[in-house]
Amino acid sequence: MTKPASVDAYLAAQPEATREVLRTVRQALRRALPDAEEVISYQIPAYRLPGGTVLFFAGWKKHWSLYPAGKELVAAFRDELKPYKVNEKGTIQFPLDRPVPVDLVERIAAFRRAELK
């Protein structure tokens with residue numbers, strides 16, 4: 001895959017089913033972080049504020065992911081994250097075949113914003 005120049009280009013390069021899920025994720029993040037700059041970083045979409053990068057998201061074959069999920073975030077959302085895979089590298093994996101937990105994504109974004117302040 002060539003390096004995407006924009007989030008639109010990143011989404012356009014995804015399989016159709018993944019693209020639809022990622023559009024929903026993108027909309028949730030834009031609502032939660034309206035003042036964040038939408039960028040491509042490490043070849044995936046990211047949302048940046050003056051304090052740093054709030055969140056990254058990416059699509060994979062069977063899941064989509066949000067990054068970073070530090071210990072404090074994982075502890076704060078422990079019960080709500082139980083249905084999802086959270087790895088030791090700070091990645092939350094959501095199955096592509098399940099509805100996007102929009103409210104959870106928005107609250108994770110708000111939590112990350114607060115962490116950066």
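First, a word on scope: everything that follows refers to the structure included in this document. (Residues numbered from 1 in each chain as written. Predicted model: local features only at pLDDT ≥ 70, side-chain atom pairs only at ≥ 80, totals over all residues. Heavy atoms only, no water.)

Some words on the packing of aromatic side chains
Inference 1: Going through the model one piece at a time under the given rule, you end up with 5 aromatic pairs.
Inference 2: Measuring from ring centre to ring centre gives 4.1 Å for Trp64 and Phe94, while their planes differ by 10 degrees; the resulting arrangement is stacked. Placement of the pair is Trp64 in strand E4 (residues 63–67) and Phe94 in strand E6 (residues 92–95), with a sequence separation of 30 residues. No difference in accessibility class separates Trp64 from Phe94, as the two residues are buried.
Inference 3: Relative to Phe111, the ring of Phe77 lies with its centre 5.6 Å away and its plane at 75 degrees, an arrangement referred to as edge-to-face. With Phe77 in the loop between helix H3 (71–76) and helix H4 (78–81) and Phe111 in helix H5 (residues 102–116), the pair connects residues that are 34 residues apart, well separated along the chain. (Phe/Tyr/Trp six-rings, centres within 6.5 Å; stacked < 30°, edge-to-face > 60°. Helix = DSSP H or I, 4+ residues; strand = E, 2+ residues; numbered from the N terminus. Buried < 20%, exposed > 50% of the residue type's maximum accessible area, 1.4 Å probe, protein only.)

Brief notes about unusual backbone geometry
Inference 1: Cis rather than trans, the peptide bond between Tyr67 and Pro68 has omega equal to -20 degrees.
Inference 2: As for its position among the elements, Pro68 is in the loop between E4 and H3.
Inference 3: Its identity is not glycine, yet Tyr42 carries a phi of approximately 55 degrees, on the positive side.
Inference 4: Secondary-structure assignment places Tyr42 in the loop between strand E1 (37–41) and strand E2 (44–49).

Here we look at the environment of Gln43
Inference 1: Positionally, Gln43 belongs in the loop between E1 and E2.
Inference 2: Separated by 16 residues in sequence, Gln43 and Gln27 have C-alpha atoms that sit 19 Å apart.
Inference 3: Non-local contacts of Gln43, meaning those with residues more than four positions away in its chain, are made with Lys3, Pro4 and Tyr10. (Contact = heavy atoms within 4.5 Å.)

Notes on the packing of helix H2 (residues 16–32) against H5
Inference 1: Put simply, H2 and H5 touch, their axes get as near as 9 Å, and they point 45 degrees apart. Judged on the interaxial angle alone, H5 and H2 are oblique. Once H2 is placed against H5, the crossing between them reads as right-handed. From H2, Thr24, Ala28, Leu29, Arg31 and Ala32 reach across to H5, where they touch Val102, Val105, Glu106, Ala109 and Arg113.
Inference 2: Here the contact of H2 with H5 is built from residues that sort into 6 nonpolar, 1 polar and 3 charged. (Axes fitted to C-alpha atoms, helices over the stretch in contact; angles between N-to-C directions. Parallel < 35°, antiparallel > 145°, perpendicular 65-115°, else oblique. Left-handed = near helix turned anticlockwise from the far one by under 90°. Nonpolar A, V, L, I, M, F, W, Y, C, P; charged D, E, K, R; others polar.)

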